[in-house]
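# Structure assessment
As a plain string of letters, each chain reads:
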Amino acid sequence: MTTQELPIAFIGGGNMASAIIGGLLKQGLPASQIEVVEPFAPARDKLLTQFGITAQEVAGAALARAGLVVWAVKPQTFSDAAAQARPHTGAALHLSVAAGIRSDSIAQWLGTGRVVRSMPNTPALVGKGMTALYPRPEVTPADRSLVERVIATTGDHLWVEAEEQLDAVTALSGSGPAYVFFFLESMTAAGVEMGLSHEQAHRLAVGTFVGASELARASQDPPEVLRERVTSKGGTTYAAISAMQNSGMDALFRQALHAARVRARELGEEFGR
Ligand SMILES: NC(=O)c1ccc[n+]([C@@H]2O[C@H](COP(=O)([O-])OP(=O)(O)OC[C@H]3O[C@@H](n4cnc5c(N)ncnc54)[C@H](OP(=O)(O)O)[C@@H]3O)[C@@H](O)[C@H]2O)c1
């Protein structure tokens, strides 16, 4: 980071902020270059013990030095937090990780268009996040580069050029870890029903997701080819995949993602006012 970009300020010091802060410190950014505003005392204590960062209870003059302000508050508290911080955020670039809050609302609350809205996901907590980023037109190439360097500490990222695509991102990768956990639960339960111990079934299920995902990422072939390669007609995988196809699971699963996108849109309406 350059001296104009530093320090980096975080409004909200919870899970998401901690994932990014942990990544930045690991990369060698000194804790003295990170400002955090966090009203909840136990969360401030945690930041101190975990990272050696003394967080502020309320937004104050210390924020004025920040080149980048990261918004990691719950959607319902964003507008209040913005009203408190706005007098102090000067000419900073803003990066929001708050689900659903539109960049128009953020720009209006903060009085600047230099806003990047993002949708991360929980694997960011272990450096394996997948984040989509949307830049408002006022965001410069240098701004984009700063945001990329910060988000890269939590995993992978991609840019979207239309903000409404973030609702689809929310439905796919934002909520996606829960779908994986759901399948893990089912696979583990089935393993136990068939005579494995819970621990064995859990290890087999998690290992299979990690391995198959790595294979899909590394392979030149799309998932359907990888699937067909292990599905010989009349075999065991064929029996399972046929059962899933006959039950209409594919259509149901797609419907579930559409439901998540509808909810993402509603949240934007609800908290954007
Ligand atoms: N966790 C994820 O994986 C994930 C994924 C995608 C998107 N997001 C989004 O990221 C945002 C943050 O999520 P999170 O999981 O990090 O939530 P979190 O752990 O609850 O963190 C939010 C923090 O902001 C604090 N806060 C509340 N009002 C504030 C104010 N006025 N000024 C400064 N800080 C304030 C909260 O304190 P109090 O406890 O006192 O309210 C809380 O510690 C949410 O909008 C969420 O939708 C999270």
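Keep in mind it's a predicted model, so treat the numbers as computed, not measured. (Residues numbered from 1 in each chain as written. Predicted model: local features only at pLDDT ≥ 70, side-chain atom pairs only at ≥ 80, totals over all residues. Heavy atoms only, no water.)

Looking now at unusual backbone geometry. Across the junction of L6 and P7, the peptide omega takes the value -10°, indicating a cis bond. By secondary structure assignment, the location of P7 is in the segment before strand 1 (8-11). (Helix = DSSP H or I, 4+ residues; strand = E, 2+ residues; numbered from the N terminus.)

Evaluated as defined, the whole model comprises 1 cavity of 30 Å³ or more. Considering only enclosed or pocket space, the largest cavity measures out at about 30 Å³ in volume. Along its surface, the largest cavity is lined by E35, V36, V37, Q56, V58, G60, A62 and L63. Classifying every residue of the lining of the largest cavity gives 5 nonpolar, 2 polar and 1 charged. (1 Å grid on protein atoms, 1.4 Å probe; cavity = no way out; pocket = protein on both sides within 12 Å on 5 of 7 lines; lining within 4 Å. Points joined across faces, edges and corners; volume = space filled by probe spheres on them. Nonpolar A, V, L, I, M, F, W, Y, C, P; charged D, E, K, R; others polar.)

With that settled, the discussion passes to the sheet that holds strand 2 (residues 34-37). The strands making up a sheet are joined through hydrogen bonds of the backbone, oriented either antiparallel or parallel. In spatial order, the strands read 2-1-3-4-5-6-7; together these 7 strands make up an open sheet with mixed pairing. Of all the strands in the sheet, the pair left with one neighbour each is strand 2 and strand 7 (155-159). The mean angle between the axes of side-by-side strands here comes to 20°, regardless of whether they run parallel or antiparallel. Pairing geometry for strand 1 and strand 2, over 4 bridges, is parallel. Across the sheet, residue A9 finds its bridge partner in strand 2, namely E35. The strands that helix 4 (residues 103-110) touches are strand 3 (68-71), strand 4 (93-96), strand 5 (115-119) and strand 6 (129-135); relative to strand 5, the one it contacts most, it runs at about 140°. (Pairing = 2+ DSSP bridges. Axes fitted to C-alpha atoms, helices over the stretch in contact; angles between N-to-C directions. Contact = heavy atoms within 4.5 Å.)

Turning our attention to the site of the ligand. N15, M16, E38, V73 and T122 are the nearest of the 23 residues found near the ligand. Separating an oxygen atom of the ligand from a backbone N or O atom of M16 is a distance of 2.7 Å. Between the ligand and the protein, one listed contact pairs an oxygen atom with a side-chain N or O atom of E38 at 2.6 Å. Isolated, the ligand exposes 880 Å² of accessible area, and the fraction of that covered by the protein chains is 80%. In a pocket analysis with a 2 Å cut-off to the grid points, the ligand is assigned to the second largest pocket. Broken down by secondary-structure element, the contributors of at least two residues to the shell around the ligand are helix 1 (15-26) and helix 3 (78-85). (Near = heavy atom within 4 Å. Polar contact = N/O pair within 3.5 Å; in protein donor to acceptor, adjacent residues only side chain to side chain. Areas by Shrake-Rupley, 256 points an atom, 1.4 Å probe, with all protein chains shown as cover. Sits in = over half its atoms within 2 Å of the grid points.)

Size of an interface, as often reported, equals the accessible area lost when the parts are brought together. Examined at the domain level, the protein chain breaks down into domain 1 (8-161) and domain 2 (176-268). Spacing between the C-alpha centres of domain 1 and domain 2 amounts to 33 Å. Of the roughly 420 Å² buried between domain 1 and domain 2 on both sides combined, carbon and sulfur atoms contribute 51%. Considering only the side of domain 1, the residues that lose the most area to domain 2 are G100, R102 and T122, jointly responsible for 58% of the buried surface there. On inspection of domain 1 and its partner domain 2, the count reaches 1 salt bridge. For R217, the salt bridge goes to D156, with nearest N and O atoms at 3.9 Å. There are 1 residue pair in polar contact (both at pLDDT 80 or more) connecting domain 1 and domain 2. (Domains from an automatic or database assignment. Buried area = accessible area lost by both parts, 1.4 Å probe. Salt bridge = Lys/Arg side-chain N within 4 Å of Asp/Glu carboxyl O.)

Pairing is possible between side chains that carry opposite charge, provided their charged atoms lie close to one another. All chains considered together, the criterion is met by 14 salt bridges. Between E35 and R65 there is a salt bridge, with the nearest N and O atoms lying 3.0 Å from each other. Within this pair, whereas E35 is found in strand 2, its partner R65 is found in the loop between helix 2 (41-51) and strand 3, the two being separated by 30 residues in sequence. By relative accessible area, E35 is classed as buried at 12%. Residues participating in the shared-partner salt-bridge network are D104, R136 and E138. (Buried < 20%, exposed > 50% of the residue type's maximum accessible area, 1.4 Å probe, protein only.)

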